[in-house]
Amino acid sequence: MIPRYARPEMSSIWSPESKYAIWLEIETLACEAMAELGEIPVEAAKAIRERGAFEVDRIDEIEREVK
């Protein structure tokens, strides 16, 4: 998203925080579905829902190391 052409509301949709929050929610939902199917422990899915988090700065740091 080119900042000068985007309204703040649109820019926030494409921000790294928004992207990673959506990814975390998708992965959490996938874990909950796998727990319902008995593929992973229910406790693991609950722990991911309760404690799952991310830090954009840490993600960026890791990305710089692996490129």
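Residues numbered from 1 in each chain as written. Predicted model: local features only at pLDDT ≥ 70, side-chain atom pairs only at ≥ 80, totals over all residues. Heavy atoms only, no water.

Residues Met10, Ile13 and Trp14 make up a contiguous nonpolar surface patch of roughly 350 Å² in combined accessible area. By secondary structure assignment, the location of isoleucine 13 is in helix H1 (residues 8-13). By relative accessible area, which is 48% here, isoleucine 13 ends up partly exposed. (Patch = residues over 30% accessible without salt bridge, like charges linked within 9 Å, V, L, I, M, F, W, Y side chains within 5 Å. Areas by Shrake-Rupley, 256 points an atom, 1.4 Å probe, with all protein chains shown as cover. Salt bridge = Lys/Arg side-chain N within 4 Å of Asp/Glu carboxyl O. Helix = DSSP H or I, 4+ residues; strand = E, 2+ residues; numbered from the N terminus. Buried < 20%, exposed > 50% of the residue type's maximum accessible area, 1.4 Å probe, protein only.)

Looking now at the environment of serine 18. Residue position: serine 18 is located in helix H2 (residues 16-36). Through-space distance from the C-alpha of serine 18 to that of threonine 28 is 15 Å; in sequence the pair is 10 residues apart. Contacts of serine 18, omitting those with residues within four sequence positions, involve Ser12 and Ile13. (Contact = heavy atoms within 4.5 Å.)

Two side chains with opposite charge may pair up if their charged atoms get near one another. Applying the stated criterion to the full structure yields 3 salt bridges. Here arginine 49 ties to glutamate 25 by a salt bridge, and the two come within 2.9 Å at their closest N and O atoms. Of this pair, arginine 49 sits in helix H3 (residues 42-51) while glutamate 25 is found in helix H2, placing the two residues 24 residues apart along the sequence. Under the relative-accessibility criterion, arginine 49 is labelled partly exposed at 37%.

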